[in-house]
Amino acid sequence: MSDNRQSLSDLGQMSSGGSEAYAATATLADAMPVNNSGPKPEPMPLREQIIDKQGRAYATGRRKDAVARVWIKPGSGKITINGRDQEIYFARPTLRLVINQPFGVAERTGQYDVVCTVKGGGLSGQAGAVKHGISQALTKYEPVLRAPVKAAGFLTRDSRAVERKKYGKAKARRSFQFSKR
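Residues numbered from 1 in each chain as written. Predicted model: local features only at pLDDT ≥ 70, side-chain atom pairs only at ≥ 80, totals over all residues. Heavy atoms only, no water.

Overall, the coordinates contain 6 salt bridges when judged by the stated rule. For the salt bridge of Arg 160 with Asp 158, the shortest nitrogen-to-oxygen distance reads 2.8 Å. By relative accessible area, which is 58% here, Arg 160 ends up exposed. It is possible to trace a salt-bridge network through shared partners that takes in Arg 63, Asp 158 and Arg 160. (Salt bridge = Lys/Arg side-chain N within 4 Å of Asp/Glu carboxyl O. Buried < 20%, exposed > 50% of the residue type's maximum accessible area, 1.4 Å probe, protein only.)

Structure, rendered in structure tokens:
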């Protein structure tokens, strides 16, 4: 049995007339089966669309201490939070930008109406909770959008919260001022 190791010098021989080495390699390549038609992994089956009798998708979003209940349905892109328009409830443009991120990633800006109620926390946490709820509801209404929304990280609850104050400390980690004398 011959050793079929190849090096750069063998490559030079092949191009300069070492046709017997090339022929041996060619027969080996012909003998080896090419497995292009092997079992391919099947794509993940799509989840089912989950909508209620009014044609809305519902989801709950959470961030810090805020909890948002979100309903979406096809419409003109109007977002209502606790009975008020988004421009009134979230006066800061950055917070409005946060709650519109899932629509931008899914390329569905202005195609869904959102009605949500949010409780607890501050405005920043509430905006994060609404964003989480919109993302969850969007994937329930259109399961095809799950991949881009999940890739952007909007389906994962942001678990960061304020660390509790410890005894003997001024805050969570801040110590009282130390005086040597």
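Read on, since the account is not over.
Let us now look at the environment of Lys 64. Locating Lys 64 in the fold gives a position in the loop between strand 1 (57–63) and strand 2 (66–74). On the accessibility criterion, Lys 64 (38% relative accessible area) is partly exposed. Spatially, the C-alpha atoms of Lys 64 and Gly 120 are 8.8 Å apart, while their sequence positions differ by 56 residues. Sequence-distant contacts of Lys 64, defined by excluding residues within four places in its chain, comprise Arg 157, Asp 158 and Arg 160. (Helix = DSSP H or I, 4+ residues; strand = E, 2+ residues; numbered from the N terminus. Contact = heavy atoms within 4.5 Å.)

For the rest of this paragraph, the subject is the layout of surface pockets. By volume, the largest pocket is sized at about 250 Å³. Along the walls of the largest pocket sit 11 residues, with Pro 45, Leu 46, Arg 47, Pro 143 and Arg 146 positioned nearest its centre. For the lining of the largest pocket, the leading source of residues is helix 5 (residues 123–141), giving 3 residues. Residue composition of the lining of the largest pocket, grouped by class: 5 nonpolar, 2 polar and 4 charged. By volume, the second largest pocket is sized at about 180 Å³. Taken together, 15 residues make up the lining of the second largest pocket; nearest its centre are Arg 63, Val 98, Gly 128, Lys 131 and Asp 158. Take the lining of the second largest pocket: its biggest share by element is 5 residues, from helix 5. (1 Å grid on protein atoms, 1.4 Å probe; cavity = no way out; pocket = protein on both sides within 12 Å on 5 of 7 lines; lining within 4 Å. Points joined across faces, edges and corners; volume = space filled by probe spheres on them. Nonpolar A, V, L, I, M, F, W, Y, C, P; charged D, E, K, R; others polar.)

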